[in-house]
Amino acid sequence: MQRNVKAAGVRRLVLLLTISGLFLACGTKSGPVGGGIIPEIEVAHDTLMVSGFQADSVASYTGKLTITPIGKYTDPIFGDVEAVAYIKPTIYSFSLDTTLDNSYSMYLDLMFDTTQVYGDSLSQTEFSVYKVTELWRSNELFNDTKPAYDESVEIASFTRLKEDSIRISLSQTWFAEYASFVNDTSATQDSSFVYDFYGLAIVAKGASSKISFPVPTASAFRLINEDVGDTTIVGLNDWGYSLDYANKPYPANKFALYNSLDRFYSFSLEEEVDSLTIRNLLKAELILYQDTDLLESSLQANSTRIDIPYLELKSGITNGLAYGLQFSSSEIVGYLDESINGYRFDVTSHVNSYIFDDPSNKTLYLHMNPANGLLRSTLLYDETAIKALKPKLILLTAK
């Protein structure tokens with residue numbers, strides 16, 4: 001692939017610091033201390049255009065994250081997305097002499113992150129709660145995993161606008177099934193609960209124009225003994241979610257990034273850097289420009305996307321691509337510089353590894369981390385953009 005290399009010129013940086021020569025008019029005598037002037041330093045700025053980005057995707061882990069999204073939204077750029085939550089109560093919140101009977105009512109208290117919304121912040125969303133009908137575990141749950149649930153019987157329903165918490169009354173039929181596992185005193189109680197009780201799915205029904213973000217660790221089931229007024233709080237034993245993306249209309253000549261890892265990019269700086277003969281690199285910076293105008297103009301009234309303050313570059317992933325991108329430590333972080341609408345990555349160490357060695361990990365992965373469960377996406381200019389907006393590597397060297 002042809003690589004465009006552009007030298008942006010040489011700027012002279014003259015350092016005129018005389019170690020002994022700063023006289024502040026204070027009437028004291030001063031003589032030379034170090035004697036002389038530091039020699040003039042010539043600094044070069046070289047700009048290399050970067051290309052060769054390859055789009056990729058992988059299913060991300062969605063079990064037991066901080067946030068569990070629910071709802072549906074049609075994003076004019078990033079397509080249709082539906083998020084379904086899966087939750088399961090524990091059976092270990094009761095004393096040994098507790099027997100659950102029909103004097104109890106069961107509720108789900110959902111707590112929401114009200115600082116974040118994806119979609120129309122003023123719209124209402126209706127949800128149905130269904131019984132899950134197949135085994136799932138959070139440590140085996142990916143965003144493209146969708147355990148089956150029974151839509152023929154609604155366990156509960158609720159509507160959310162922007163409440164920070166909602167109490168949902170669950171059907172007595174489903175409670176009775178749960179109670180049978182709590183009341184089981186056999187030696188197989190634990191295994192029966194793990195393998196035969198599958199929990200609940202929370203699914204948006206009808207039209208929906210936003211994604212909401214429950215916080216599982218702050219949410220809980222609530223059992224109330226209506227006869228005596230006693231309340232037992234039952235924590236969540238397991239949780240996770242599935243994502244379904246469809247109809248992605250983003251422009252073909254842009255980099256579309258999803259933090260669900262539905263799209264990320266791999267590339268290498270090998271061709272750009274291998275031709276260099278410099279050994280006195282002061283700084284290397286990769287800049288990727290965001291298409292802020294299209295991102296902002298495409299949003300409908302009252303709709304928002306979640307801010308993306310930084311992107312990540314990783315390499316040397318050996319423990320599986322999904323796990324490595326999601327959970328390994330960030331190697332290089334690119335922070336958004338709003339003055340240029342671009343992300344700046346300090347890649348000095350990576351470039352130096354080419355200059356002084358032959359790096360074993362040449363492939364870089366550009367992505368957004370999905371670790372907390374919030375849904376983010378953005379649009380970057382690719383190598384077909386106008387010259388000023390192409391991905392570029394800026395080198396600062398001492399001559």
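Residues numbered from 1 in each chain as written. Predicted model: local features only at pLDDT ≥ 70, side-chain atom pairs only at ≥ 80, totals over all residues. Heavy atoms only, no water.

Go over the overall build of the chain, please, and point to the residues and values.
When helices and strands are tallied, the chain shows six helices and 25 strands. When the 399 residues of the chain are sorted by exposure, 48% land in the buried category. Sequence separation of 24 or more characterises 82% of the internal contacts of the chain that already satisfy a separation of 6 or more. Accessible surface, the chain: about 19,200 Å² in total, of which carbon and sulfur atoms supply 49%. (Helix = DSSP H or I, 4+ residues; strand = E, 2+ residues; numbered from the N terminus. Buried < 20%, exposed > 50% of the residue type's maximum accessible area, 1.4 Å probe, protein only. Contact = heavy atoms within 4.5 Å. Areas by Shrake-Rupley, 256 points an atom, 1.4 Å probe, with all protein chains shown as cover.)

So what about the layout of surface pockets? Which residues, and what values?
Looking at the largest pocket, its volume works out to about 390 Å³. As for the largest pocket, its lining consists of 16 residues, and the residues nearest its centre are Q290, L295, E296, D307 and I308. Counting only elements with at least two residues in the lining of the largest pocket, the list comes to α4 (292-297) and β24 (377-381). Considering each element in turn, the lining of the largest pocket owes the most residues, three residues, to α4. Here the residues of the lining of the largest pocket are counted per class, giving six nonpolar, six polar and four charged. (1 Å grid on protein atoms, 1.4 Å probe; cavity = no way out; pocket = protein on both sides within 12 Å on 5 of 7 lines; lining within 4 Å. Points joined across faces, edges and corners; volume = space filled by probe spheres on them. Nonpolar A, V, L, I, M, F, W, Y, C, P; charged D, E, K, R; others polar.)

Outline helix α2 (residues 189-196), listing residues and values.
Within α2 the residues assigned to the buried category are Q189, S192 and F193. Projected down its long axis, α2 shows its buried positions confined to an angular sector of 100 degrees, all on one face. Tucked inside the fold, the buried residues of α2 contact β5 (79-89), α1 (172-182) and β15 (236-246). (Arc of directions from axis to C-beta.)

Outline the pairing of strand β20 (residues 310-314), listing residues and values.
Counting buried positions along β20 yields four of five residues, so the element is predominantly enclosed. Pairing analysis gives four bridges linking β20 to strand β21 (residues 332-337), with the strands arranged antiparallel. Among the inter-strand pairings, L311 is bridged to a residue of β21, identified as G334. Across three bridges, β20 lies against strand β23 (residues 364-367) in antiparallel orientation. Paired with K314 across the bridge in β23 is Y365. (Pairing = 2+ DSSP bridges.)

Account for the pattern of salt bridges, with residues named and values stated.
Following the criterion strictly, the structure yields twelve salt bridges and no others. A salt bridge links D262 to K248, with the nearest nitrogen and oxygen atoms 3.5 Å apart. With D262 in the loop between β16 (254-258) and β17 (264-267) and K248 in the loop between β15 and β16, the pair connects residues that are 14 residues apart, well separated along the chain. Two residues, K254 and D291, come together in a salt bridge whose shortest N-O distance is 3.5 Å. In this pair, K254 is assigned in strand β16 and D291 in the loop between β18 (281-289) and α4, connecting sequence segments 37 residues apart. Given a relative accessible area of 13%, K254 falls into the buried group. Three or more residues joined by partner-sharing salt bridges are found here, namely D109, R167 and R222. (Salt bridge = Lys/Arg side-chain N within 4 Å of Asp/Glu carboxyl O.)

Explain the side chain of E285 to me, using residue names and the numbers behind them.
Position of E285 among the secondary structure elements: in strand β18. Only 2.8 Å separates the side chain of E285 from the side chain of R344, close enough to count as a polar contact. The contacts of E285, once residues within four sequence positions are left out, are R344, F345, V347, K392, L393 and I394. (Polar contact = N/O pair within 3.5 Å; in protein donor to acceptor, adjacent residues only side chain to side chain.)

Summarise helix α6 (residues 348-356); cite the residues concerned and give the values.
All of the buried residues in α6 are T348, H350, V351, Y354 and I355. For α6, the buried positions fall inside an angular range of 165 degrees around the axis, keeping them on one side. Taken together, the buried residues of α6 touch α3 (270-274), β18, β21, β22 (342-346), β23 and β25 (392-398).

Residue-level account of the nonpolar core, with values.
L100, F158, L170, Y178, I202, F221 and L223 are the most contacted members of the largest nonpolar core, which has 35 residues in total. A total of six residues in this core trace back to one element, the largest contributor, which is α1. With sequence-adjacent residues up to four places away left out, F158 is seen in contact with I70, L110, T125, E126, F127, V129, I166, I168 and I202. Counting residues in each nonpolar core, the second largest holds 34 residues, with F267, V351, M368 and L395 among its members. (Core = buried A, V, L, I, M, F, W, Y, C linked by side-chain atoms within 4.5 Å.)

Residue-level account of the confidence of the model for the chain, with values.
With 90% of its residues at a pLDDT of 70 or more, the chain has an overall mean of 88. Across residues 1-32 the pLDDT falls below 50, and counting only partners more than four positions away or on other chains, this stretch makes 51 contacts in the model. (pLDDT = per-residue confidence, 0-100.)

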